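The residues making up each chain are set out below.
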Amino acid sequence: MAERTKVTIPYLREKKAQGKPIVMLTAYDYPIATIEDEIGVDMILCGDSLGMTVYGFSGTNPVTMDLIVPHTAAVKRGAPHSFVIGDMPFLSYQASNERAVLNAGRFIQEAGADGVKMEGGEEMAERVRSIHNAGIAVMGHLGLTPQSVSALGGFKAQGRSVESALKLISDAKIIEEAGAFSILLEAIPSEIGQIITERAGIPIIGIGAGPYTDGQVLVVHDALGFFKGHKAKFVKQYCNLNEIVRKALQGYQQDLADRVYPAPEHCYGIDPEVLAEIKGSLK
Ligand code: KIV
């Protein structure tokens, strides 16, 4: 396989300009990040979805900076070439510009991330601007924003009325002008995804935003069929990892029941003379 070069923002912009799909996935740990980096995934998000996929919470809001930063660091260690993004958790940026910059900085300083992502439209534009002005690459997130799921009335598609679609289109421009290098659109009609993508000068990444965005992202546990929770309409499952793991672990259980594991090839030997001496020394 050809040696990869590091993914940069100019490279992502070039892909948009050339109409080449930007490939993005989430990762929360070193082994998955290693595979994603090796196959050439452009951007890897250590998403706050780890609250659900890895920690078993019912939503993303219990995720804290102290929880997600070490996961982002592990992802970065496994993915030296992909553009690694740390997801700003609930309450890590909403309260003030200063708090937003300091927490965004933790992803860069402690985890070695290449950038951060945060949810919100016009109301968060000043946070985006502050983080950008601090020299940190920041990605916006519009549409279904899971940290506000309660205020949005549940996990449902956004931008389906004239008013909410126009707000989304306007928010995307405002977040771009505030300095975002890219925007993620979640669960909106394909046509609105297309309008936003065509009007944007920055790469637009979709998850449930149709086929016209500059790139796509999936939660890796959904793509692998590992996560057994709610499956959104936009998820395409590429294997059934839950079933694969289940069968493998049942195989281990069965081997123990049948006493076929450990077999001789899994066991360490000892020099017979040494063993005899040990036994002889036993009282
Ligand atoms: O946290 C996450 O995984 C996300 C998805 C929408 C990609 O933000």
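Keep in mind the model is a prediction, meaning the values are calculated, not measured. (Residues numbered from 1 in each chain as written. Predicted model: local features only at pLDDT ≥ 70, side-chain atom pairs only at ≥ 80, totals over all residues. Heavy atoms only, no water.)

## Some details on helix 12 (residues 272-281)
- Of all 10 residues in helix 12, 0 are buried; the element is thus mostly exposed.
- Capping the start of helix 12, aspartate 271 holds a side-chain oxygen 2.8 Å from the backbone nitrogen of glutamate 273, two or three residues further along. (Buried < 20%, exposed > 50% of the residue type's maximum accessible area, 1.4 Å probe, protein only. Helix = DSSP H or I, 4+ residues; strand = E, 2+ residues; numbered from the N terminus. Polar contact = N/O pair within 3.5 Å; in protein donor to acceptor, adjacent residues only side chain to side chain.)

## Looking at the pairing of strand 5 (residues 137-143)
- Most of strand 5 is tucked away: 7 of the 7 residues are buried.
- Of the strand pairs in this sheet, strand 4 (residues 115-119) and strand 5 are connected by 5 bridges, and their pairing is parallel. If you follow glutamate 119 over to strand 5, its bridge partner there is histidine 141.
- Chirality of the crossover, the property in question, places the unit of strand 4, helix 6 (residues 125-133) and strand 5 among those that are right-handed. (Pairing = 2+ DSSP bridges. Right-handed = clockwise from strand over helix to strand, strands pointing away.)

## Some words on empty space enclosed by the protein
- Using the criterion set out here, one finds 1 cavity of 30 Å³ or more in the structure.
- Lining the largest cavity, in full, are Ile169, Ala172, Lys173, Glu176, Ile183, Ile196, Arg199, Ala200, Ile202 and Ile204.
- Broken down by secondary-structure element, the contributors of at least two residues to the lining of the largest cavity are helix 8 (162-177) and helix 9 (190-199).
- In terms of residue count, the dominant contributor to the lining of the largest cavity is helix 8 (4 residues).
- Tallied by class, residues from the lining of the largest cavity come to 7 nonpolar, no polar and 3 charged. (1 Å grid on protein atoms, 1.4 Å probe; cavity = no way out; pocket = protein on both sides within 12 Å on 5 of 7 lines; lining within 4 Å. Points joined across faces, edges and corners; volume = space filled by probe spheres on them. Nonpolar A, V, L, I, M, F, W, Y, C, P; charged D, E, K, R; others polar.)

## Notes on the pattern of salt bridges
- Under the criterion given, the structure shown has 13 salt bridges.
- One salt bridge in this structure joins lysine 167 and glutamate 123, with 3.7 Å as the shortest N-O distance. On the criterion of sequence distance, the pair formed by lysine 167 in helix 8 and glutamate 123 in the loop between strand 4 and helix 6 is long-range, its members being 44 residues apart.
- Overlapping salt bridges, with partners in common, bring together Lys6, Lys76 and Asp114 in one network. (Salt bridge = Lys/Arg side-chain N within 4 Å of Asp/Glu carboxyl O.)

## Overview of the domain arrangement of the protein
- Taken domain by domain, the protein comprises domain 1 (9-239) and domain 2 (244-281).
- Inter-centroid distance (C-alpha atoms) of domain 1 to domain 2 is 46 Å. (Domains from an automatic or database assignment.)

## Considering the packing of aromatic side chains
- Taken as a whole and assessed by the stated rule, the structure comprises 3 aromatic pairs.
- Look at phenylalanine 83 and phenylalanine 181: their rings are 5.3 Å apart centre to centre, the planes differ by 55°, and that puts the pair in the tilted class. Taken as a pair, phenylalanine 83 in strand 3 (residues 83-87) and phenylalanine 181 in the loop between helix 8 and strand 6 (182-186) lie far apart in primary sequence, 98 residues in all.
- Residue phenylalanine 181 is classed as buried on the basis of its relative accessible area of 6%. (Phe/Tyr/Trp six-rings, centres within 6.5 Å; stacked < 30°, edge-to-face > 60°.)

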